[in-house]
Amino acid sequence: MLFFTQNNIEIEYHSETGIIEVRWIKILQEEHLCTMWEEILKCIAKYNINYLLFDASHLDYIPFLHHERTTLIFQTELPITPLKKIAIILSEKVPNLLKIENLFRRYTHLNSPNLEFKLFHHHYEALDWLLEFTKY
C-alpha cells in the first residue's frame, strides 16, 4: 500500500511483511528531506513497523546521511520506535560506501544498540536479511 508520494519520494507499507520501503528518484532536495523523515516516522507509528528499507539503488549520492535532521532523528526519535532493522540498497556507483556504513553504525550503536543496520547492492538480499527469522 502506497503510504506517501510526493516530490519523487514514495513510501510504501508492505502489510504482508511489515516493511516500510522508501524510494526516490533523482536528487532529493533538502526541503523534501524533512518531509520524507516526518512521513517515515508517521508510518512507523501508525503500523508499528519493525523493518525499514531505503531503496537508493538509482542514486549516485545519498543526501539524507549528512543532514542535521537525520542526525536528530537517529539520536532522539528512532530509538523510541519499534524498529529492529534498517537496510539500505545502494548502487555500487555511490562513493564512500564504507563512510556511509560507518556513519549508520555509529548512529544506531550509540542511540539504538538493538537496531541493526546493513548496506546491500540487491533488493532481494536486503529483503532476505530484513525478514530472516520472521514468519510473515
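Residues numbered from 1 in each chain as written. Predicted model: local features only at pLDDT ≥ 70, side-chain atom pairs only at ≥ 80, totals over all residues. Heavy atoms only, no water.

**Q** How should I be thinking about the nonpolar core in this particular structure?
**A** Soluble, globular proteins show a tendency: their nonpolar side chains are buried together. In terms of nonpolar packing, the biggest core is built from 30 residues, with V22, M36, I40, F54 and I86 touching the most fellow members. When residues of this core are assigned to their parent elements, the largest contribution, seven residues, is made by helix α1 (residues 30-47). Membership of the second largest hydrophobic core comes to ten residues, among which are I19, Y51, L130 and L131. (Core = buried A, V, L, I, M, F, W, Y, C linked by side-chain atoms within 4.5 Å. Buried < 20%, exposed > 50% of the residue type's maximum accessible area, 1.4 Å probe, protein only. Helix = DSSP H or I, 4+ residues; strand = E, 2+ residues; numbered from the N terminus.)

**Q** Would you mind showing me how to read the pairing of strand β1 (residues 2-6) here?
**A** With four bridges joining them, β1 and strand β2 (residues 9-14) adopt antiparallel strand pairing. Directly across from Q6, in β2, lies its bridge partner I9. (Pairing = 2+ DSSP bridges.)

**Q** Mind showing me how you'd approach the packing of α1 against helix α2 (residues 68-77) here?
**A** When two helices pack together, you describe them by how their axes are tilted relative to each other and by the distance separating the axes. Relative to each other, α1 and α2 sit at 20 degrees, their axes nearing to 10 Å. Viewed along their axes, α1 and α2 adopt a mutual orientation that is roughly parallel. The handedness of the crossing between α1 and α2 comes out as right-handed. Where α1 approaches α2, its residues L33, C34, W37, E38 and L41 are matched on the opposing element by R69, T70, I73, F74 and E77. Of the residues assigned to the contact of α1 with α2, the class counts are six nonpolar, one polar and three charged. (Axes fitted to C-alpha atoms, helices over the stretch in contact; angles between N-to-C directions. Parallel < 35°, antiparallel > 145°, perpendicular 65-115°, else oblique. Left-handed = near helix turned anticlockwise from the far one by under 90°. Contact = heavy atoms within 4.5 Å. Nonpolar A, V, L, I, M, F, W, Y, C, P; charged D, E, K, R; others polar.)

**Q** I tried to follow the sheet that holds strand β3 (residues 19-24) on my own but got confused; where do I start?
**A** Adjacent strands of a sheet form backbone hydrogen bonds with each other and so pair up, either parallel or antiparallel. Strand order in the open sheet made by the six strands is β1-β2-β3-β4-β5-β6, with mixed pairing throughout. The open sheet has two edge strands with one neighbour each: β1 and β6 (116-120). For this sheet, the mean inter-axis angle between neighbouring strands, taken without regard to orientation, is 15 degrees.

**Q** Looking at this structure, how should I read the packing of aromatic side chains?
**A** Two numbers describe a pair of aromatic rings. These are the distance of the centres and the angle of the planes. On inspection of all chains with the given rule, the structure shows five aromatic pairs. Taking the centre distance of 6.2 Å and the plane angle of 75 degrees together, the rings of W24 and F54 count as edge-to-face. Taken as a pair, W24 in strand β3 and F54 in strand β4 (residues 51-56) lie far apart in primary sequence, 30 residues in all. On the basis of relative accessible area, W24 is assigned to the buried category, the value being 2%. Among the aromatic residues, those joined into a cluster by ring pairs are F3, Y13 and Y47. The ring of W129 has K85 sitting right over it, with the charged end atom 4.6 Å from the ring centre. (Phe/Tyr/Trp six-rings, centres within 6.5 Å; stacked < 30°, edge-to-face > 60°. Lys NZ or Arg CZ within 6 Å of the ring centre and 35° of its normal.)

**Q** Even after reading the chapter, I still don't get unusual backbone geometry, so can you show me in this structure?
**A** Trans peptide bonds make up the majority, and among non-glycine residues the majority have a negative phi. Positive phi is not limited to glycine here, since N7 has a value of about 50 degrees. Tracing the backbone shows N7 in the loop between β1 and β2.

**Q** Got a minute to help me understand the side chain of K85 in this structure?
**A** Assignment of secondary structure puts K85 in strand β5 (residues 85-90). Side chain to side chain, K85 and E132 meet in a polar contact 3.2 Å long. Setting aside residues no more than four positions away along its own chain, K85 makes contact with N50, Y51, L52, L115, E116, W129, L130 and E132. (Polar contact = N/O pair within 3.5 Å; in protein donor to acceptor, adjacent residues only side chain to side chain.)

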